[in-house]
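# A closer look at the structure
The residues making up each chain are set out below.
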Amino acid sequence: MKTRTLVLVGAAALAALPVSVGTQQAGYPMTIIAPAKGPFTFPAGYQTPWDKIDIMVTEKMSPNLFVLHGSQGLDSAHPDASGGRALALFGPDGVLMVDTQNRQVAEKTLKALRSFTDGPIRVLVNTHVHSDHTGANAFFAKQGALIYAQENLRNEMMRPPRRAPAAGQAAAPAPAIDMTGIPAATYSYNPATPGEPAVTFYMNGEIVDFIPMMPSHTAGDTIVRFRNANVIYIEDFYRNFGFPFADHSNGGSLKGMLDAVDLIQKVAGPNTTLIPGHGTLVKKNDLLAYRAMIADVMAKVKTLRDSGKKLRDVLAANLTAPYEATTLGDTQSSKDRFITEAYDEVKDFPPVVDGKRTMGNDPGR
Ligand SMILES: [Zn+2]
């Protein structure tokens, strides 16, 4: 194993540097397996068969930056490709990973990674708390990775938001936490300096920026920029499979997702490849129609709620209809979740505290 010292540059030092973005090498990015388009349906009571799911190199972003993603058509949460994309930057300085896929496929994710590098896994950054992105954290920490994330993500993991129990059921006890998988190195979003990296790594000929985001998909989101490859992993505040999802309990908001799209317009160049957590690779202009849809639906939901409509009336108004033909993964539950988020957000929306929101369970809605 060849080791070199990692150079860590703080945001203050970096602010003095011009951010130069490299030009992608000819032939990159290379899509090896594109996500499936669907539509997919699963029978009632379907359980994801983890033993059948494989993890593969699905895209190569540069000669030493590969994407790991799962099988198609098996994971009911993500039928287009199982789990959330994980990235691996590899070379003589070891491996830097972005996200870790689901816990159930940890060994397969490592096997896929070992198909192209035998380097030590040294650094891991989590883009947000969801289990399809952090599920194998403890497994990869045991491989040697030091885990980085926003402080809010650490809070969300240490003290998961309490979700209202289903009608007639007692609240479930909090699950035990495996401290091995909890981020050890944290930073926070600074509203005064949006888009500034909190951490920069110089590794394997790349310059990698961890850029904390405003509360958007969750309150602990980070995007990860690879300057030389001209690539940004933009995780889940944008999606092109299913309707938008802001995780309110973990501090997310649709409004914040609009702000996140606006920040990407400033941070990304016209040819920067953006890697969502799910769905197809995009460029920053592809985010604009998505932004317009969220703004349109929120405005219409606000008008209905202000006129005294209940949630069921707003759901029945079918406000996503103009967007269904062009939205892959268009399902009733995806639509209803999006409209319910908008309904909860346009009035009496609770603030973020320690990365979480205490969402009321308003029986009058
Ligand atoms: Zn995800």
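Our subject is the structure that appears above.
Quick summary incoming for the structure in this document. Fair warning: this is a prediction, and the values are worked out from it, not measured in the lab.

Take the coordination of the zinc ion next. The protein atoms that coordinate the zinc ion are Asp132 (OD), His133 (NE2), Asp236 (OD) and His278 (NE2), at distances of 2.0 to 2.7 Å. Each of the four donor atoms around the zinc ion contributes to a set of angles spanning 83 to 157 degrees, which defines the coordination as irregular. Considered as a linear motif, the donors of the zinc ion on their single chain read D-H-x102-D-x41-H. Taken together, the residues span a long stretch of sequence, with His133 in helix H3 (residues 131–134) and His278 in the loop between strand S14 (273–276) and helix H7 (287–306) at a distance of 145 residues. Summarising the burial analysis for this pair, His133 and His278 share the class buried.

On the basis of which strands lie adjacent, the open sheet formed by eight strands has the order S2-S3-S4-S5-S6-S7-S8-S9 and mixed pairing. The open sheet has two edge strands, strand S2 (30–31) and strand S9 (185–187), and neither has a second partner. Pairing geometry for strand S6 (residues 95–98) and strand S7 (residues 121–125), over four bridges, is parallel. Its bridge partner lying in S7, Leu96 is registered against Val123. Of the strands in this sheet, strand S8 (146–150) and S9 touch helix H5 (residues 151–158), which is tilted by about 100 degrees from S8.

Applying the stated criterion across every chain, the model contains eleven aromatic pairs. Measuring from ring centre to ring centre gives 5.5 Å for Tyr148 and Phe201, while their planes differ by 85 degrees; the resulting arrangement is edge-to-face. Of this pair, Tyr148 sits in strand S8 while Phe201 sits in strand S10 (residues 199–203); the two residues are 53 residues apart in sequence, bridging distant segments of the chain. Taken together, the aromatic side chains of Phe66, Phe90 and Phe116 make up a single cluster linked through ring pairs. The cationic tip of Arg305 hangs over the ring face of Tyr343; the distance from NZ or CZ to the ring centre is 4.2 Å. Here Arg337 stacks its cationic end above the ring of Phe245, 3.9 Å away from the centre of that ring.

We now examine the environment of Lys266. Tracing the backbone through its elements, the reader meets Lys266 in helix H6 (residues 254–267). Under the relative-accessibility criterion, Lys266 is labelled exposed at 71%. For the pair Lys266 and Ser188, spaced 78 residues apart in the sequence, the C-alpha separation amounts to 20 Å.

Among the nonpolar cores identified, the biggest contains 37 residues, and Phe237, Leu287 and Val301 are the most heavily contacted of them. For this core, the secondary structure elements donating two or more residues are strand S13 (231–235), H6, H7, helix H8 (311–316) and helix H10 (332–345). In terms of residue count, the dominant contributor to this core is H6 (eight residues). If we skip the residues at most four places from it in the chain, Phe237 touches Met213, Ser216, His217, Ile223, Met257, Ala260, Val261, Ile264, Leu287 and Tyr290. With 25 residues, the next largest nonpolar core counts Leu74, Ala86, Phe90 and Phe140 among its residues.

Moving on to empty space enclosed by the protein. For the structure on display, the rule yields one cavity of 30 Å³ or more. Roughly 40 Å³ of internal volume is contained in the largest cavity. If you go around the largest cavity, the residues you meet are Ile33, Ala34, Pro35, Met56, Thr58, His69, Gly70, Gln72 and Ala81. Residue classes in the lining of the largest cavity are distributed as five nonpolar, four polar and no charged.

Another aspect to go through is the environment of Gln169. By the element assignment, Gln169 lies in the loop between H5 and S9. Taking relative accessible area as the criterion, Gln169 reaches 54% and is therefore assigned exposed. In the structure, Gln169 is positioned 78 residues away from Asp247 in sequence and 23 Å away in space, judged by C-alpha atoms.

Right, let's get into the packing of H6 against H7. One can describe the packing of H6 onto H7 by two numbers: an axis separation of 10 Å at closest approach and a directional angle of 155 degrees. When the axes of H6 and H7 are compared, the pair comes out roughly antiparallel. The handedness of the crossing between H6 and H7 is left-handed. Facing H6, whose interface residues are Leu254, Lys255, Met257, Leu258, Val261, Asp262, Ile264 and Gln265, H7 presents Leu287, Leu288, Tyr290, Arg291, Ile294, Ala295 and Met298. A breakdown of the residues in the contact of H6 with H7 according to their chemical character gives eleven nonpolar, one polar and three charged.

Let us now look at the pattern of salt bridges. All told, the structure shown has ten salt bridges when counted by the stated rule. Between Arg85 and Glu59 there is a salt bridge, with its nearest N and O atoms 2.9 Å apart. One end of the pair, Arg85, is in the loop between strand S4 (65–70) and strand S5 (86–89); the other, Glu59, is in strand S3 (residues 55–62), with 26 residues separating them in the sequence. Neither residue differs from the other here; Arg85 and Glu59 are each classed as buried. For Lys335, the salt bridge is made with Glu324, and the minimal N-O distance between the two is 3.3 Å. Of this pair, Lys335 sits in helix H10 while Glu324 sits in helix H9 (residues 321–324); the two residues are eleven residues apart in sequence, bridging distant segments of the chain. For the pair Lys335 and Glu324, a shared accessibility class is recorded, and that class is buried. Several salt bridges converge on common partners, so that one network encompasses Asp209, Arg225 and Arg227.

Calculation notes
- Residues numbered from 1 in each chain as written.
- Predicted model: local features only at pLDDT ≥ 70, side-chain atom pairs only at ≥ 80, totals over all residues.
- Heavy atoms only, no water.
- Donors = N, O, S within 2.8 Å, 3.2 Å for Na, K, Ca; no water.
- Tetrahedral: all angles 85-135°; square planar, octahedral: opposite > 155°, others 65-115°.
- Helix = DSSP H or I, 4+ residues; strand = E, 2+ residues; numbered from the N terminus.
- Buried < 20%, exposed > 50% of the residue type's maximum accessible area, 1.4 Å probe, protein only.
- Pairing = 2+ DSSP bridges.
- Contact = heavy atoms within 4.5 Å.
- Axes fitted to C-alpha atoms, helices over the stretch in contact; angles between N-to-C directions.
- Phe/Tyr/Trp six-rings, centres within 6.5 Å; stacked < 30°, edge-to-face > 60°.
- Lys NZ or Arg CZ within 6 Å of the ring centre and 35° of its normal.
- Core = buried A, V, L, I, M, F, W, Y, C linked by side-chain atoms within 4.5 Å.
- 1 Å grid on protein atoms, 1.4 Å probe; cavity = no way out; pocket = protein on both sides within 12 Å on 5 of 7 lines; lining within 4 Å.
- Points joined across faces, edges and corners; volume = space filled by probe spheres on them.
- Nonpolar A, V, L, I, M, F, W, Y, C, P; charged D, E, K, R; others polar.
- Parallel < 35°, antiparallel > 145°, perpendicular 65-115°, else oblique.
- Left-handed = near helix turned anticlockwise from the far one by under 90°.
- Salt bridge = Lys/Arg side-chain N within 4 Å of Asp/Glu carboxyl O.

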